[in-house]
Amino acid sequence: VFHGRILARRVVGQETRYEVEVKARYRHRFPLVSREYLWVPNTCGCPALREGGEYVLMARRHVNHEHTLNRILLQDDGYARPWTPREARLVREAARHC
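Remember, predicted model here, so these are calculated numbers, not experimental data.

Here the focus is the nonpolar core. Ranked by internal contacts, the top residues of the largest apolar core, which has 14 residues, are F2, I6, Y18, V20, L38, L49 and L57. With three residues, the single largest contributor to this core is strand β2 (residues 15–25). Ignoring sequence-local partners within four residues, the contact set of L57 consists of V1, F2, L38, L49, Y79 and A80.

This paragraph deals with the packing of aromatic side chains. Enumeration according to the criterion identifies zero aromatic pairs in this entry. Of note, R17 hangs over the ring of Y37, and the distance from its end group to the ring centre comes to 4.1 Å. One cation-aromatic arrangement involves R71 over W39; the distance from NZ or CZ to the ring centre is 5.0 Å.

About the cut-offs
- Residues numbered from 1 in each chain as written.
- Predicted model: local features only at pLDDT ≥ 70, side-chain atom pairs only at ≥ 80, totals over all residues.
- Heavy atoms only, no water.
- Core = buried A, V, L, I, M, F, W, Y, C linked by side-chain atoms within 4.5 Å.
- Buried < 20%, exposed > 50% of the residue type's maximum accessible area, 1.4 Å probe, protein only.
- Helix = DSSP H or I, 4+ residues; strand = E, 2+ residues; numbered from the N terminus.
- Contact = heavy atoms within 4.5 Å.
- Phe/Tyr/Trp six-rings, centres within 6.5 Å; stacked < 30°, edge-to-face > 60°.
- Lys NZ or Arg CZ within 6 Å of the ring centre and 35° of its normal.

Below you can see the structure in the form of structure tokens.
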């Protein structure tokens, strides 16, 4: 779970790749660097993330069996909400309890 700002968007095959500036991390299940790519399957019911927008994102690290693919994936069961100070506070509080 992290707070990110969308820098760019590109459709690649059946997925959309977002370049994201990581602004804050709420859960530390896997390491994040200051710039990441977030992949979203085009079949995901997620709303399109707009360039320049800031979001609270809950995504998963996806590594294939061959370990040739290592990326951040926003799936149907993920979370993408516009970032607000209130949303950030709620996520921080939830992270303390989970």
